[in-house]
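Breakdown of the fold
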Amino acid sequence: AERMESKGEKENFLSIITKFRGSPKVFRNVPKNCFYPPPKVNGAILKITPHSKYSNRGEVFSRRFFKVVEAGFRHPRKQLKNNLKDLFTSKEKIKAILKKRDLNPESRAENLKLKDWIMLTEAFIDIPNKSR
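The text that follows walks through the structure, step by step, so that each part is easy to find. Since the structure is predicted, the reported quantities are computational estimates derived from the model, not experimental observations.

1. So, the layout of surface pockets
Taken as a whole, the largest pocket encloses approximately 160 Å³ of empty space. Contributing to the lining of the largest pocket are A1, E2, R3, M4, L14, N29, N42, G43 and A44. Elements that contribute at least two residues to the lining of the largest pocket include exactly α1 (2–5) and β2 (43–50). The dominant element in the lining of the largest pocket, judged by the number of residues it contributes, is α1, at three residues. Among the residues making up the lining of the largest pocket, the classes are represented as four nonpolar, three polar and two charged.

In structure tokens, the structure reads:
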């Protein structure tokens, strides 16, 4: 739940895709002794308030958004330019797109916020996927 809510400096795949669909908030913590057998960590109830902030962009945008984010987080320790090249065209073109949007091509996916992923999806929407 804390990873989905992610209020810190670093994001993760789960927090980005959750925030795309709604606003997550930890509603209540649940002690581990409430479960049988008890897990090693406490649980939490997460409330996700849906929003239509991005749904007006259509299904094509949503599918592309999830593909871009998935590619960005595929190898968390790799730089963004290297992760995205698995999905789109050349590394040089990706670096140019990132720099044009004031994003460091050498940053990692965890350093980007939701607005950055939206901006990247908009930039890549017309670029065809690499065939796998």
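2. What to know about the packing of helix α2 (residues 13–21) against helix α3 (residues 59–73)
Packing of α2 against α3 brings their axes to within 10 Å, and their N-to-C directions diverge by 165 degrees. Judged by the inter-axis angle, α2 sits roughly antiparallel to α3. As α2 runs across α3, the sense of the crossing is right-handed. Residues F13, I16, I17, F20 and R21 of α2 form the contact with α3, whose own contacting residues are F61, S62, F65, F66, V69, E70 and F73. Residues that form the contact of α2 with α3 fall into these classes: nine nonpolar, one polar and two charged.

3. A word on the packing of aromatic side chains
Applying the stated criterion across every chain yields a total of five aromatic pairs. A centroid spacing of 5.5 Å and a plane angle of 80 degrees characterise the contact between F65 and F66, whose relative ring orientation is edge-to-face. Following the ring pairs from residue to residue traces out a cluster consisting of F13, F73 and W117. Lying across the ring of F61, R57 places its NZ or CZ 5.0 Å from the centre.

4. Brief notes about α3
Along its 15 residues, α3 runs 21 Å from first to last C-alpha, staying within 8% of the 21 Å computed at 1.5 Å per residue. Turning to α3, its buried residues number three or more, namely F61, S62, R64, F65, V68, V69, A71, G72 and F73. Next to the buried residues of α3 lie α2, α4 (80–84) and α6 (114–124).

Analysis parameters
Residues numbered from 1 in each chain as written. Predicted model: local features only at pLDDT ≥ 70, side-chain atom pairs only at ≥ 80, totals over all residues. Heavy atoms only, no water. 1 Å grid on protein atoms, 1.4 Å probe; cavity = no way out; pocket = protein on both sides within 12 Å on 5 of 7 lines; lining within 4 Å. Points joined across faces, edges and corners; volume = space filled by probe spheres on them. Helix = DSSP H or I, 4+ residues; strand = E, 2+ residues; numbered from the N terminus. Nonpolar A, V, L, I, M, F, W, Y, C, P; charged D, E, K, R; others polar. Axes fitted to C-alpha atoms, helices over the stretch in contact; angles between N-to-C directions. Parallel < 35°, antiparallel > 145°, perpendicular 65-115°, else oblique. Left-handed = near helix turned anticlockwise from the far one by under 90°. Contact = heavy atoms within 4.5 Å. Phe/Tyr/Trp six-rings, centres within 6.5 Å; stacked < 30°, edge-to-face > 60°. Lys NZ or Arg CZ within 6 Å of the ring centre and 35° of its normal. Expected span 1.5 Å × (residues − 1). Buried < 20%, exposed > 50% of the residue type's maximum accessible area, 1.4 Å probe, protein only.

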